[in-house]
Structures are given as C-alpha cells and as structure tokens.
Amino acid sequence: MEERHHARQPETSPVRRALSDDSAGSSLPSPAEDGGHTGSIRKGCEPFAQSQRGQLQNRRARINQQINKEMRMRAGAENLFRATTNAKVKETVALELSYVNSSLQLLKEELEDLNSNVEVYQTESEAAKAPMIPLGLKETKEADFSAPIQDFICQHYGEDGSLYRQEIRELMDLRQAMRTPTRNQTGLDLLMEYYNQLYYLDQRFFPPHRNLGVLFHWYDSLTGVPSCQRALAFEKASVLFNLGALYTQIGARQDRTTAAGIQRAIHAFQRAAGALNYLKENFSNAPSLDMSGPALCMLVRLMVAQVQECAFESLALPLGPGHAAPTSWLRLAQEAARVSDVYLLVQQSMSRPLTQDYVPFSWTSVVQVKVEHFRALCHHFAAVALCGRALSEDVGEEAERAFLHFYVGARAGPPLGRLLRDSQQRRKLGKAHLRHALMRHEEAMRLHGVCKSFRKMDVLQDVLAAAHKRSLDMYSELDPEDDFDPTPEAPEIRSQSRPKPDVAPPDFAAVRVADIFRRLGPLSVFSGHARRGPARCVCLPRTQGGLGLTLRGDSPVLVAGVAPGGCAAEAGLREGDYIVSVDGRDCKWAKHAEVVALLQNRHVEGARVAVVALLSHDAQGEKRPSGKENAERRPTSRLAKGRGPASLLNWNGKKREGARACRRAGSALNLPFGDAEATY
C-alpha cells in the first residue's frame, strides 16, 4: 500500500506534534527520568471475554481463519487444474473447487450475518431509538519482529541486536494488546499509541531502499478475505481503520435519550469519519476492499449521516407534543429533511458498481429505511407546525419568514400570508403533509419487512411503528367524515441543518509516546533512512596542548572542525564525525558539556572515542533508479493506466519523510544544531 505525504504532513506527524524534536541540539529525558514510555497503555481486553461484543469478534476471527484456509485450498486446486493434463484429475479437481466455492459462499454469508448484527453494539436504554451502523474491527495475525529487527540493528547500526530483545518484546506486546482494544477511551488510546509508535518504527527500521522482511497479515473487515504485505504503510492504515471502527462502536452504544449521550455519540461518529477520511486522503492502492477509495468514501458519508441523525435527535429532544413555537417544528422538519438527503447520498454510494456487491444487504436496507423514515418525519413536523394551536392563535412575522424559506420553489395555492391566517387552508396543507408522511412511513415499514435480518431487530420496528401511528392519529383528527374536498399535493420541503456536521481528524498529539528504541540514538543521525559510514574507534592521546577540534551541538555532539596537525587529526577524527561513545560510555544522548568533560578528563593512556559519519548521496555512489524501478515505485500511475492489479501490492511511500531527512543528512553541517560550539 502507498502512503502519501503532503506538504502539511509535519503538522500532523505524531512525533512532530506529540513530542519535542529529537534532532541534534535537543534531547529527550532518559528513561529513568521520564519513568519509561509516556502514556503507555499495555493491555487490551480479554480476547475470550464472554460479552456479546467479545463473542461476536471471536466468531468473526474464527470465520476469517476459515476463509483464509478455504482460499489457500482454492488457490492450490486452481494451480493443479491449470497444470495437469489428465482428464480424470481435472474432473476431480473441478469437483473439489465446487465444494470449496460453496464453503466460501457459506462463510461469506455467515460473516455478512455477523456484520448485520448491529443491535449488539447498540445502547441498552429502554427508549426506542433507531439503531446506528458500527464497523467491525479488522483481525490480524501475530507478527514476529525479533529476527528482522535484530539483523537490521547489526547490519545498519553496527550494534549487537540481541541487546535490544527487551525493546523488541515490548513492541510485540504492544501490538498484541492492540489486537483486542477495549471499547472505551482506553482502547482508543491503545490504538493511537501503537499508531504513533509505528512512526518511530518506520524511521528506525524501514528504509526506502530495503525491506525489513516482516509480514503483516490483516483480514478484510466485511468479507474476511486475508491480505499480506511487508509494507509498514499497510500496518499503519489497518490500525487507523480499526481506530475509526472502534469510534463507531463507541458511538453506537451511547444512550441517545439524553443530551450528554447524544453529544458523546456525535463526537464519536465525527472522530470515526475523521479517521476514515484521513485514511482515504493519505493512503492509496489498498489490497483489501474495506480500505479502497470507494469503500472509504461510502463509510465517511455513512458516519457523517449518523452525525446528522444525532444532531436531529439533539434538536428534537427538548420538544414535546404541546410545544408552543411553530418555528421550532419547522426547523426540526428541515433538519429531518437534511438527514434524509444525507442518507440518500450514502445509498447512492452503496449502489455504485465497486461497492454494491461488497456492502452487506442489511446496511443498504437500514440506509433505505432511514431515507424514507426521516422524509416522513419532515412532513409530519410540517403538519404539526401548520395545525398547532400556537399558529392559529397568533401568526407573527417570524412564522411568516420561516414559512417563506420552508419550501423548495414556488408553492401552488393562495398567498402565504392568507394561508397562515386561514385555518381551513392550513388544515388542507397539513393533511397533505400527513398523507405524504403516511406514504413514506408505509414504504419504510415495507423495506423493513423485506430484509430478513431486520426481523430480529425489534427496536427498529418499534421506532417505525410508533412514528407511523403518530402520523396516522394526527391525520384522523384532521380528517372529519364529512370532508369531501380534494387534498392538494404536499410541496417539497427545503432541507437545512444548523450547524453543519464537521469531520474531526485524528488528534495524534492526544497520546504522547516515547520511542521504544530510544537507546539507538537520536533519529536525526541514527535512523534507518540515513546512510552512515562504518563505525570507527580512534584513540585520542592525552597531551599538554588542546584537542585541536571544534565541537558543536548536543545529542549527539558533532565534530565541526579538525585542526590540521593537531591531536584530533593525528588520532583520525574527521570533520562531520558524530561522537557515539567515550571510553565505553554512551554519548548518543549526551550534552555538549558532558562530552567535553569526558574528552578533557581522559586517562593518561588516552581516550577511546567511537564515531560515525553520515554519507551524502554522492559519497555513497548511489545511482538514480531506472525507468523500470521508477514504475515499480509508483503503483498509482500503473493502476491509473489499467495495467493490472499488481500495483495493489506496492504500499511504498512516494515522498517519505525519512527520505527527506536522509537527503538533509547528506551534509552534516546542514543539520540543525544548538548554539553550543567551541574549539578545544
């Protein structure tokens, strides 16, 4: 998968926003000082928890594993069918393929049934509320970082990789906990911590010119189809998807009968939309359908629609049957029309060729039901505003202005002012709205009966039945037996929302993390993206004169200049060297004064100084990639030209932040340093 980096990426980078810059000239507190990793969340929920949501996720994981097994069997059978020339073998393999395909279809239907089981995630409140649609979490297999990271540390950093077993174990424990996050703020923090930690992992061990060799296995959230890649962008995108999915589950379980619960639901769905939208804008060429562009666009629209629905509920909460302000009912009617319009956009996204066979049928049915349900509600509230007692007693300028912008286009019939003051005309128009509302309610109930998954969802049926009964009762009151006048057509209501729902992007600074592999040194120098020369160890003898060198900066200290013929030059120090250790004492994070003190107070036999130097691209003799290599690094252009799905397997970054850091590191003197510089 490919991760895009825009010019504004440093503003949203988890390290640049959540942590202080660890370039030379600045330093972070030692592990002893900061007590380990800031805000570390190390535990997920019990994977075998007997809660309904836990059982649902366990069933989803089991089905994903079975789908993976069946797909491997199908791939092997297809290869054998193509390779063999024996007619009897071909017949046997074809029969086996039919069995495998039947099993895959049954597993797909079972997984779709699980995704349709949205009532598990709903609130346990006794009040009937229309259910929300949550996303299931993507399942993943365990990933073993031990051997690849140890080998990389040995080859790239020149250190013994076995000395970092504790850090590797800590990283793997964090990933294991991330697989089963709790459905609360703690689980969100856990996912965000791991996502932020992946930034450091990318900088430390994933250079653009080399593959670390770790395989990341993830299953599609809706189909269970497995995907496997070595690109870290695939891991980051999957974690970000789970962050958005967890927000949807948290939003769906809120009690929306209270103002506080509605606001919590709005916040959760806004965050879910923001995470999925960030994923859509910053990652491309996903190997799984749930993270493809059309699917993410549909999911973002779905979350925005659910935010809009919560905003409608917030507006309707304080209104009772005898509310005295007709303008409030008009505003509520326009809000309901807006909810219907937004869900109609979601329905259109679900009906597109790339998503119509992918989205569960129950999701499509829920969206269709809500389109009709909220369109019926907007006409019902319009009738309440027209036929209420408050409007019949006093028609003010505010009500006239509200009705003036209430309908779409010109309305047929008498002028607005005369209509509002004529009770008979208002009753006719109110009946027209109620008749339209009843037709929409009946259509919503028909769609509810078509989907077999809804037969177990009593709460949605209760909501639809209560709304239909409310409109029917009001229509019966307004329609006397001796009224034979024809009822006009209800005009179309203008949809409007105040305020419009916002999409909240992920706040990477909300969870502060520290680099697990901090002992390797500051990222400005000790990065997998920076090309370094081999580590050297020089012996700096003790003499009566000065050291003959100029030192600059902190963490690590740079040899900014070497005096010809001086002590440092004779020992082998060169301009551009970074001091890594002095007499075995690690100086990667040492301050300028500490390193100077160690060099000046060296023993009689001298001081053993370990140094490294960054190499520029010219010094490395790195050649420019050929046209074929460029084509492999730009899978987006290949996909755009229709050259097949192979480009979906490339998630390499186009403009990776580490590559820019590596180019900046080509000249050591171009790196940012502190003001501490002196000649010794």
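Keep in mind that this is a model prediction, so the values were computed, not measured.

1. Focus: the nonpolar core
- In terms of nonpolar packing, the biggest core is built from 127 residues, with Phe-145, Ile-149, Leu-201, Phe-205, Tyr-343 and Phe-517 touching the most fellow members.
- If near-sequence neighbours (up to four positions away) are discounted, Phe-145 is found in contact with Ile-168, Leu-171, Met-172, Arg-175, Tyr-194, Leu-201, Val-214 and Phe-216.
- With 21 residues, the next largest nonpolar core counts Val-538, Val-557, Leu-573 and Val-611 among its residues.

2. Re the packing of aromatic side chains
- One pass over the full model with this rule turns up 13 aromatic pairs.
- Ring centres of Phe-152 and Phe-205 lie 5.8 Å apart, and the angle between their planes is 85°; this geometry places the pair in the edge-to-face category. With Phe-152 in helix H6 (residues 146–157) and Phe-205 in helix H8 (residues 185–205), this pair connects stretches of sequence that are 53 residues apart.
- Using a relative accessible area of 1% as the deciding quantity, one classes Phe-152 as buried.

3. Things to note about the confidence of the model for the protein chain
- Scored by pLDDT, the protein chain comes out at a mean of 78, with 74% of its residues at no less than 70.
- This stretch, residues 47–51, has a pLDDT under 50; its non-local contacts, to residues over four places away or in other chains, come to seven contacts.
- In this model, residues 617–674 is a region of pLDDT below 50 whose contacts with residues beyond four sequence positions or in other chains number 101 contacts.

4. What about unusual backbone geometry?
- Cis geometry marks the peptide bond from Ser-555 to Pro-556, where omega comes out at -5°.
- Structurally, Pro-556 is set in the loop between strand E6 (549–552) and strand E7 (558–562).
- You will see that Ser-555, though not glycine, has its phi angle at about 45°, which is positive.
- Along the chain, Ser-555 falls in the loop between E6 and E7.

5. A word on the packing of H8 against helix H9 (residues 232–252)
- Relative orientation of the contacting elements H8 and H9 amounts to 165°, with a least axis distance of 10 Å. Looking at the two axes, H8 sits roughly antiparallel to H9. When you trace H8 past H9, the crossing you get is left-handed. Listed contacts from H9 to Gly-187, Leu-188, Leu-191, Met-192, Tyr-194, Tyr-195, Leu-198, Leu-201 and Asp-202 of H8 are Leu-232, Glu-235, Lys-236, Val-239, Leu-240, Asn-242, Leu-243, Leu-246, Tyr-247 and Ile-250.

6. Some thoughts on the packing of helix H11 (residues 293–316) against helix H13 (residues 361–387)
- One can describe the packing of H11 onto H13 by two numbers: an axis separation of 13 Å at closest approach and a directional angle of 30°. Remark: the crossing between H11 and H13 carries left-handed chirality. Residues Leu-299, Leu-302, Glu-309 and Phe-312 of H11 form the contact with H13, whose own contacting residues are Trp-363, Val-367, Lys-370, Phe-374, Leu-377 and Phe-381.
- Counted by class, the contact of H11 with H13 contains eight nonpolar, no polar and two charged residues.

Conventions and cut-offs
- Residues numbered from 1 in each chain as written.
- Predicted model: local features only at pLDDT ≥ 70, side-chain atom pairs only at ≥ 80, totals over all residues.
- Heavy atoms only, no water.
- Core = buried A, V, L, I, M, F, W, Y, C linked by side-chain atoms within 4.5 Å.
- Buried < 20%, exposed > 50% of the residue type's maximum accessible area, 1.4 Å probe, protein only.
- Contact = heavy atoms within 4.5 Å.
- Phe/Tyr/Trp six-rings, centres within 6.5 Å; stacked < 30°, edge-to-face > 60°.
- Helix = DSSP H or I, 4+ residues; strand = E, 2+ residues; numbered from the N terminus.
- pLDDT = per-residue confidence, 0-100.
- Axes fitted to C-alpha atoms, helices over the stretch in contact; angles between N-to-C directions.
- Parallel < 35°, antiparallel > 145°, perpendicular 65-115°, else oblique.
- Left-handed = near helix turned anticlockwise from the far one by under 90°.
- Nonpolar A, V, L, I, M, F, W, Y, C, P; charged D, E, K, R; others polar.

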